[in-house]
Amino acid sequence: MLEEANHELQTNTGHTMLHTSIRLERLRHSDARARTLSSMVHACRRVAVLLERARKQAALGRPRAALDAVEEARACLTTPVSSFMRGGAEAGVLIGLGLTGGMDHHHHNHSS
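Residues numbered from 1 in each chain as written. Predicted model: local features only at pLDDT ≥ 70, side-chain atom pairs only at ≥ 80, totals over all residues. Heavy atoms only, no water.

(A) Region of interest: the packing of helix α1 (residues 2–59) against helix α2 (residues 63–77). One way to put it is that α1 packs onto α2 with a least axis distance of 8 Å and a crossing angle of 165°. With respect to α2, the axis of α1 lies roughly antiparallel. For the crossing formed where α1 meets α2, the hand is left-handed. Of α2, the residues touching α1 (which contributes R46, V47, L50, L51, R53, A54, Q57 and A58) are A65, A66, A69, V70, E72, A73, C76 and L77. Broken down by class, the residue content of the contact of α1 with α2 amounts to 12 nonpolar, 1 polar and 3 charged. (Axes fitted to C-alpha atoms, helices over the stretch in contact; angles between N-to-C directions. Helix = DSSP H or I, 4+ residues; strand = E, 2+ residues; numbered from the N terminus. Parallel < 35°, antiparallel > 145°, perpendicular 65-115°, else oblique. Left-handed = near helix turned anticlockwise from the far one by under 90°. Contact = heavy atoms within 4.5 Å. Nonpolar A, V, L, I, M, F, W, Y, C, P; charged D, E, K, R; others polar.)

(B) Quick peek at the pattern of salt bridges. The final tally for this structure, using the stated rule, is 6 salt bridges. Between E25 and R28 there is a salt bridge whose closest N-O contact spans 3.9 Å. Of the two residues, E25 and R28 are both situated in helix α1; the distance of 3 residues between them amounts to about one turn of the helix. Overall, R28 belongs to the exposed group, its relative accessible area being 52%. (Salt bridge = Lys/Arg side-chain N within 4 Å of Asp/Glu carboxyl O. Buried < 20%, exposed > 50% of the residue type's maximum accessible area, 1.4 Å probe, protein only.)

(C) Just the confidence of the model for the chain, in detail. With 76% of its residues at a pLDDT of 70 or more, the chain has an overall mean of 80. Across residues 101–112, where pLDDT falls below 50, the model places 7 contacts with residues more than four positions away in sequence or in other chains. (pLDDT = per-residue confidence, 0-100.)

(D) Quick look at the side chain of T78. Mapped onto the elements, T78 comes out in the loop between α2 and α3 (90–97). The exposure class of T78 is buried, given its relative accessible area of 16%. Among the polar contacts listed, one links the side chain of T78 to the backbone oxygen of A75, at a separation of 3.3 Å. (Polar contact = N/O pair within 3.5 Å; in protein donor to acceptor, adjacent residues only side chain to side chain.)

(E) Broad picture of α1. Helix length check: α1 (58 residues) gives 85 Å between terminal C-alpha atoms against 86 Å at 1.5 Å per residue, within 8%. Burial in α1 covers these residues: A32, T36, S39, M40, A43, V47, L50, A54 and Q57. A positive phi of about 75° marks G61, the residue just after α1. (Expected span 1.5 Å × (residues − 1).)

Next up, the structure:
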């Protein structure tokens, strides 16, 4: 009876711990995806602001300032997706966001 109770305790505890561990890992990946998306949204907003600045500078007849803003926007757009990662869960985050295809190829083409 005592052995049976001990076996049941170990089995049930191990099962619960395993499921808790799986849930924790899923939450970590979910959190990392959310943080990455937030960083990417911020970068997109930055690009929009820079392009609007370029448009205004061009309208004011300031081509140098317009080109500077466009160049800064281009730098934002060519930033590798992996640079938005936080927490070290890069592969899982990229897969979760559907952004794994061609990332390395893209990065190598634009590193100057």
